[in-house]
Amino acid sequence: QEMTAAKFQPTKANRTFRDYALDWYERYKKPQLGAGHNENYKSMMKVHILPMIGDKDIADITVADVQDIMDTLKSASTGKQVKSIINMVMDAAIADELYHHPNPTKDKRIHMPTKKEPREPVPPEDLARIMNHLPNMLPEHTSLLAMLIMTGARRGEALGARWEDIDWKNKTIHLQRVVRFQTNQ
């Protein structure tokens, strides 16, 4: 009796990208990350990834899906973070034999966002008006606003600053900490 080899036909995972990605995050990624990075991962998934491919079967994720996500993003930095998260999830799905193709994030056709939202400085006349109103503000607001205006520090950098970070003698501030915001609010 002659035996013939049956061609292997992978079946669908019957698991959404959302379910698999959230499980992967809780089991494997979250325990490795600090609080700030955990918030960043959750935000990237919630805002950029899951709305686009969360309801798709993980076995059906394509290069085009990844590119569609990239096309909605406004910065290369966000693109790198989003692509990295999808890459790790897809590598895990391949290891768990839920995805039977090359990782779509590694395809050379994918291009990162190049759009840059221009950040215009506050016009000098507006700065002068703000500076004139500083004496009328609460002291805790005055210090923060003056620091933002005079140093160009980012919001998280200014909020992370402590009095001991100020070198009064040399008139410098050493920004050593950053306050992170959940979903950038």
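Structure first, text after, so check above.
Residues numbered from 1 in each chain as written. Predicted model: local features only at pLDDT ≥ 70, side-chain atom pairs only at ≥ 80, totals over all residues. Heavy atoms only, no water.

1. A look at the environment of His48
At step 1: Following the sequence through the fold, His48 ends up in helix α2 (residues 35-53).
At step 2: Sequence separation of His48 and Ile69 is 21 residues, and the distance between their C-alpha atoms is 7.0 Å. (Helix = DSSP H or I, 4+ residues; strand = E, 2+ residues; numbered from the N terminus.)

2. Let's talk about the packing of helix α3 (residues 63-72) against helix α4 (residues 76-95)
At step 1: Remark: α3 packs on α4, axes separated minimally by 10 Å, with the N-to-C direction vectors making an angle of 155°. Comparing their axes, α4 and α3 come out roughly antiparallel. Along this stretch, α3 crosses α4, giving a crossing that reads as right-handed. Residue-level inspection shows Val66, Ile69 and Met70 of α3 in contact with α4, the latter providing Gly79, Val82, Lys83 and Ile86.
At step 2: Tallied by class, residues from the contact of α3 with α4 come to five nonpolar, one polar and one charged. (Axes fitted to C-alpha atoms, helices over the stretch in contact; angles between N-to-C directions. Parallel < 35°, antiparallel > 145°, perpendicular 65-115°, else oblique. Left-handed = near helix turned anticlockwise from the far one by under 90°. Contact = heavy atoms within 4.5 Å. Nonpolar A, V, L, I, M, F, W, Y, C, P; charged D, E, K, R; others polar.)

3. Details of the pattern of salt bridges
At step 1: One pass over the structure, following the stated rule, counts eleven salt bridges.
At step 2: A salt bridge links Asp65 to Lys56; the shortest N-O distance between them is 2.6 Å.
At step 3: By relative accessible area, which is 29% here, Lys56 ends up partly exposed.
At step 4: Residue Asp126 is joined to Arg129 by a salt bridge in which the shortest nitrogen-to-oxygen separation is 2.6 Å. Of this pair, Asp126 and Arg129 both sit in helix α5 (residues 124-133), three residues apart, which is roughly one turn of that helix.
At step 5: For Asp126, a relative accessible area of 23% gives the class partly exposed.
At step 6: Within the structure, one salt-bridge network assembled from shared partners comprises Arg15, Asp23 and Arg27. (Salt bridge = Lys/Arg side-chain N within 4 Å of Asp/Glu carboxyl O. Buried < 20%, exposed > 50% of the residue type's maximum accessible area, 1.4 Å probe, protein only.)

4. Overview of the nonpolar core
At step 1: Core analysis: the biggest nonpolar cluster contains 29 residues, and Phe17, Tyr20, Ile49, Ile58 and Val82 have the highest contact counts within it.
At step 2: Counting residues per element, the ones that place at least two in this core are α1 (17-29), α2, α3 and α4. (Core = buried A, V, L, I, M, F, W, Y, C linked by side-chain atoms within 4.5 Å.)

5. Describing the environment of Met52
At step 1: Positionally, Met52 belongs in helix α2.
At step 2: Met52 gets classed as partly exposed once you look at its relative accessible area, which sits at 40%.
At step 3: Sequence spacing of Met52 and Asp65 is 13 residues, and the spatial spacing of their C-alpha atoms is 7.9 Å.
At step 4: Residue contacts for Met52: discarding those within four places in its chain leaves Asp68, Ile69 and Thr72.

6. Description of unusual backbone geometry
At step 1: With phi around 60°, Glu97 is a residue other than glycine that occupies positive phi space.
At step 2: With respect to the secondary-structure elements, Glu97 resides in the loop between α4 and α5.

7. Details of α4
At step 1: For α4, spanning 20 residues, the distance from its first C-alpha to its last is 28 Å, which sits close to the expected 28 Å at 1.5 Å a residue.
At step 2: Immediately beyond the C-terminal end of α4, within one or two residues, lies Glu97, with a positive phi of roughly 60°. (Expected span 1.5 Å × (residues − 1).)

8. Points about the side chain of Asn87
At step 1: Inspection of the secondary structure assignment puts Asn87 in helix α4.
At step 2: Look past the residues within four positions of Asn87 in its chain and what remains in contact with it is Asn103, Thr105 and Lys106.

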